[in-house]
Amino acid sequence: MATALLPAAAASATAAAPRSFKPSHRPFAGASPVRGPPRAATLRCHGSGVACSCSPGPPPAISSERGGGGAGQATTPEGGVRIVAVVGEGSISPIKDTPWEEVMRHTADRMKWVDEGFEMIVLTDNSAELDNLRKELSFCDMLVNVAITSQKSVDWLVNNSKDISNVICFQSSPSLLNKLGGSYVQYTGEQDMFGKIANIGKPTGTKESAEVLKTISNAWERHNSDDIRFCLLVVVNAYIRPVAMLKNLRAKGLSTLSCMIKNCGPQVLNCLFDPNCRKALQCLNSCSPTDQVCNYRCIASYESPNLEAFSLCVLQKNNCLELSAEIPSKPYVTPLNMFREQKLSHEVAEDLFVGWLDSMEWSWRVAAGQNPAYDQFPCQYQLFYRGKAKGSFWYEPVFQVKTLEGKLVWRRRKYRVRRATIPGTFYFSVLDNGVVSKEYWTIVDVSDDFIWGLFHYHGAAQAAGQSYTGAVLVTPDGSYPDLENPRLASALEKCGIKKWELYTVDNCSCMGAPLGIPEGSKVHYQIAPGKETGILQKR
């Protein structure tokens, strides 16, 4: 669950590369921390994906700037952001066929976890709601159209959203145009999947808008709740106001390069001369710095000792990007406080983590996960055990990665685990490819017979400027438990997780996992799964 090396460092490193390497390089592009000059783009999304198609901009005579007294005249309290999401009535999302209205209402709740000042109102295009919708549009900062295909609704939205500076549309009619920062951008259908972005009447900001659209499109195509929220946050951060979890993820120009050359010259050169490390930098340089899914896929695909040394020096030891991040505090998840009708102690909580280790070669196998960057790898094994030193406790996840080149490889991490104040809560820390990640884990619940468990975490990699949350649903063999089980349903609700948010982990073809724990390690202290279902043994 650690974060990835940032593209900003990768961009600076490749900028300093010898010419013979010809690395794939683009100027750093990310979320602008302040509202820039009016800029915009069109992003047209159809079907279950976000395929972009040609969508002409409005006639030049139509002003897209905010006017007086019309829709888009935001009166949100200072620091707040007001978003209106309009969903096609009865429309179904590609996320396990969940209604779009339910998905967007849940997204509205999750926006509050990022910032209490983020308010998103979700309405359908039902004609009965149009008067209320007109009122909401009159003071919103952003309009999100999702699955709007009715011509009547399209016409109404076109007429009532002219003065809204930020409009994004997904799976909607091509007649609904997108705006970013108050301007439109035309998609000409050339070059790559985003075509040649041509700004209509606004020569500035085209490249920035194109990068924002690329980030949004890549995220939306992944069809999960984290990335839907991420799409909205990217627009807020770039055109409305800074988002703490996204801001400042950019190289500091010459200061970044100077720091890297002064403090990490050998590490930079070693990385650039190593084919795998160089591929990692090039891959990272193609990602948005705020896109953790893209970043971590690059890291997991091309990790190497030279990459670890590079990021350890540039990010962790010298903080050349001058970044920071804090562990999120929301959602607040309470731990299990009773197990088998006994008050949970620290020792028993650790035993719950240790799980099936001893009778099996692993503690748990992950059946499903919530975080799209860190919980979705195939064949995830969890190894929890007590170390030789008194009071020491360790966690080693073992997981499979299908690299970007199509190879299947095994990865393994090692976390130090410390008890937090409340039994059932723990502090985890790991050095992942040269970057330290610190996490706060909660045992949400474990069934009395150890048939399933739900563990939630908040984390941050301070030196990489990234924070994250997630949860894993575990079972002895990786099979999917019954989500209709009332106790499991209640545990998911405690985390603010909907059943449709969980991704099923691929637990096929898992032969050859590098399991095992250090010699002399200890497992259970007081309880363990019994030889028969529902029986616990004293140890």
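Residues numbered from 1 in each chain as written. Predicted model: local features only at pLDDT ≥ 70, side-chain atom pairs only at ≥ 80, totals over all residues. Heavy atoms only, no water.

As a further point, take the state of the cysteines. Within the structure shown, the criterion is met by 6 disulfides. Note on cysteine connectivity: cysteine 264 is disulfide-linked to cysteine 313, with sulfurs 2.0 Å apart. Here the disulfide of cysteine 264 and cysteine 313 is left-handed, its torsion about the S-S bond being about -90°. You can see cysteine 264 sitting in helix 7 (residues 254-273) and its partner cysteine 313 sitting in helix 10 (residues 305-317), a full 49 residues away along the chain. On the accessibility criterion, cysteine 313 (6% relative accessible area) is buried. Two residues, cysteine 287 and cysteine 294, share a disulfide whose sulfurs are 2.0 Å apart. Residues cysteine 287 and cysteine 294 share a disulfide whose torsion about the S-S bond is about -75°; that sign makes it left-handed. Residue cysteine 287 is classed as buried on the basis of its relative accessible area, which comes to 0%. Bonded cysteines in the chain are paired 1-10, 2-9, 3-4, 5-8, 6-7, 11-12 when counted in the order they occur along the chain. (Disulfide = S-S within 2.5 Å. Helix = DSSP H or I, 4+ residues; strand = E, 2+ residues; numbered from the N terminus. Buried < 20%, exposed > 50% of the residue type's maximum accessible area, 1.4 Å probe, protein only.)

With that settled, the discussion passes to unusual backbone geometry. Look at the link from lysine 330 to proline 331: it is a cis peptide, with omega at 0°. By the secondary structure assignment, proline 331 is in the loop between helix 10 and strand 8 (338-339). Phi at histidine 223 is positive, roughly 55°, even though this residue is not glycine. Examined against the element boundaries, histidine 223 turns out to sit in the loop between helix 5 (206-220) and helix 6 (225-239). Exposure remark for histidine 223: the relative accessible area of 22% places this residue in the partly exposed category.

Here we take up a positive patch on the surface. On the surface, a cluster of positive charge is made up of Lys414, Arg416, Arg418 and Lys438. Note on lysine 438: relative accessible area 52%, which makes it exposed. (Patch = residues over 30% accessible without salt bridge, like charges linked within 9 Å, V, L, I, M, F, W, Y side chains within 5 Å. Areas by Shrake-Rupley, 256 points an atom, 1.4 Å probe, with all protein chains shown as cover. Salt bridge = Lys/Arg side-chain N within 4 Å of Asp/Glu carboxyl O. Lys, Arg positive; Asp, Glu negative; His and termini not counted. Charge placed at Lys NZ, Arg CZ, Asp CG, Glu CD.)

Right, let's get into the side chain of aspartate 291. Examined against the element boundaries, aspartate 291 turns out to sit in the loop between helix 8 (275-285) and helix 9 (292-302). Of the polar contacts made by the side chain of aspartate 291, one reaches the backbone nitrogen of cysteine 294; its length is 3.2 Å. Sequence-distant contacts of aspartate 291, defined by excluding residues within four places in its chain, comprise Arg222 and Phe230. (Polar contact = N/O pair within 3.5 Å; in protein donor to acceptor, adjacent residues only side chain to side chain. Contact = heavy atoms within 4.5 Å.)

With 9 of 12 residues buried, strand 16 (residues 435-446) is to be regarded as a mostly interior element. Counting the residues that bridge the hairpin from strand 15 (residues 425-432) to strand 16 gives 2 residues, and of these asparagine 433 lies at a positive phi of roughly 55°. The pairing of strand 16 with strand 17 (residues 453-461) spans 8 bridges and is antiparallel. In the sheet register, lysine 438 faces strand 17, and the bridge partner there is alanine 460. Hairpin connection from strand 16 to strand 17: 6 residues lie between these consecutive antiparallel strands, with phenylalanine 450 at a positive phi of about 60°. (Pairing = 2+ DSSP bridges.)

The computed volume of the largest pocket comes to approximately 900 Å³. Ala244, Met245, Pro328, Ser467 and Tyr468 are, among the 43 residues lining the largest pocket, the residues nearest its centre. Top contributing element to the lining of the largest pocket by residue count: helix 6, with 5 residues. When its residues are assigned to classes, the lining of the largest pocket shows 20 nonpolar, 10 polar and 13 charged. (1 Å grid on protein atoms, 1.4 Å probe; cavity = no way out; pocket = protein on both sides within 12 Å on 5 of 7 lines; lining within 4 Å. Points joined across faces, edges and corners; volume = space filled by probe spheres on them. Nonpolar A, V, L, I, M, F, W, Y, C, P; charged D, E, K, R; others polar.)

Below, the discussion takes up the nonpolar core. Considering soluble globular proteins, one finds that nonpolar side chains tend to be buried as a cluster. Membership of the largest hydrophobic core comes to 76 residues, with the highest contact counts inside it found for Phe339, Leu352, Phe353, Phe428 and Phe455. Here phenylalanine 353 is in contact with Ser363, Trp364, Phe384, Phe393, Phe426, Phe428, Trp441, Ile443 and Phe455, once residues within four sequence places are set aside. (Core = buried A, V, L, I, M, F, W, Y, C linked by side-chain atoms within 4.5 Å.)

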